[in-house]
Amino acid sequence: MATSGVIVRTRSLSVAAAAAALVLVQPSLVIAADDPSTTVTFTVTSGALTLSVPASANLGSGAPGTQISAPIGPVTVTDNRALASASWTVTAAETDFLNGASTIPATDATYSAGVVTTTGTITVTTTDVTLSNTAQTVVTGSAGVGDNTASWDPTVSVGVPAGAVAGTYTGTLTQSVA
């Protein structure tokens, strides 16, 4: 009985050794030099760099000599250009705020991007600015790879002059991305 146990073990080891040898040899058996091959290609498409902004925003109300401030709603940069090295810049410009013949200058307002949420690979930097009729950089994206997005809810604040006339003032905030 003891002899047959040894033989079984020898056979088990021989089967295991043969299986291991087959695994080591098998890859060279799969592809022979004269087997046909297929070249596989595909194209990664690219899209556009876009900016979405709220259509309108109401900052609320306040008396002359106070600050009126509120978030204006989500602003989102979508960069679907699929670039190896992506960067973009968002600018903001404001017209003067008008109420009939009364004006509050754009320079009495500020823009603060606040917290920016991103997807993909992009490094984002914000700059708080005093608004003006001239476009100024408010958010930049750099060191991007592939598609990315960045979203924020900027706060616009207006310092209402002490001599402001009562009424509803309207201005246009223009944000753009390039």
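The coordinates are above.
Residues numbered from 1 in each chain as written. Predicted model: local features only at pLDDT ≥ 70, side-chain atom pairs only at ≥ 80, totals over all residues. Heavy atoms only, no water.

Draft legend 1. Representation of the overall build of the chain within the structure. A tally of helices and strands in the chain yields one helix and 12 strands. Across the chain, helices and strands are ordered from the amino to the carboxyl terminus as α-β-β-β-β-β-β-β-β-β-β-β-β. Counting the 178 residues in the chain, one finds 24% classified as buried. Counting contacts in the chain only where the partners sit at least 6 residues apart, residues at least 24 apart contribute 75% of the total. As presented, the chain carries roughly 11,000 Å² of accessible surface, and 59% of it is formed by carbon and sulfur atoms. (Helix = DSSP H or I, 4+ residues; strand = E, 2+ residues; numbered from the N terminus. Buried < 20%, exposed > 50% of the residue type's maximum accessible area, 1.4 Å probe, protein only. Contact = heavy atoms within 4.5 Å. Areas by Shrake-Rupley, 256 points an atom, 1.4 Å probe, with all protein chains shown as cover.)

Draft legend 2. Focus on the sheet that holds strand 11 (residues 155–159). On the basis of which strands lie adjacent, the open sheet formed by four strands has the order 2-11-7-9 and antiparallel pairing. Edge positions in the sheet fall to strand 2 (67–71) and strand 9 (129–130), since each has one partner strand and no second. Of the strand pairs in this sheet, strand 2 and strand 11 are connected by five bridges, and their pairing is antiparallel. The residue of strand 11 that forms the bridge with serine 69 is serine 157. (Pairing = 2+ DSSP bridges.)

Draft legend 3. Main features of the side chain of threonine 76. Along the polypeptide, threonine 76 turns up in strand 3 (residues 75–79). Within polar-contact distance, the side chain of threonine 76 engages the side chain of serine 151 at 2.9 Å. Setting aside residues no more than four positions away along its own chain, threonine 76 makes contact with Thr50, Leu51, Ser52, Ala150 and Ser151. (Polar contact = N/O pair within 3.5 Å; in protein donor to acceptor, adjacent residues only side chain to side chain.)

Draft legend 4. Geometry of the side chain of glutamate 94. Along the chain, glutamate 94 falls in strand 4 (residues 86–94). No salt bridge is formed by the buried glutamate 94; the nearest opposite charge belongs to arginine 81, separated by 25 Å. Within the local environment of glutamate 94, its side chain forms a polar contact with the backbone nitrogen of threonine 172, the two atoms lying 3.1 Å apart. Setting aside chain neighbours within four positions, we find glutamate 94 in contact with Ala106, Leu131, Ser132, Asn133, Gly171, Thr172 and Leu173. (Lys, Arg positive; Asp, Glu negative; His and termini not counted. Salt bridge = Lys/Arg side-chain N within 4 Å of Asp/Glu carboxyl O.)

Draft legend 5. Here's a closer look at the pattern of salt bridges. Within this structure, the stated rule accounts for one salt bridge. Where aspartate 79 meets arginine 81, a salt bridge forms, and the shortest distance between an N and an O atom there is 2.7 Å.

Draft legend 6. Geometry of the nonpolar core. The biggest cluster of nonpolar side chains holds 23 residues, and the ones touching the most others in it are Trp88, Val90, Tyr111, Leu131, Val138, Val139 and Trp152. Where this core is concerned, the elements lending two or more residues are strand 3, strand 4, strand 7 (109–112), strand 10 (136–152) and strand 11. It is strand 10 that contributes the most residues to this core, four residues altogether. (Core = buried A, V, L, I, M, F, W, Y, C linked by side-chain atoms within 4.5 Å.)

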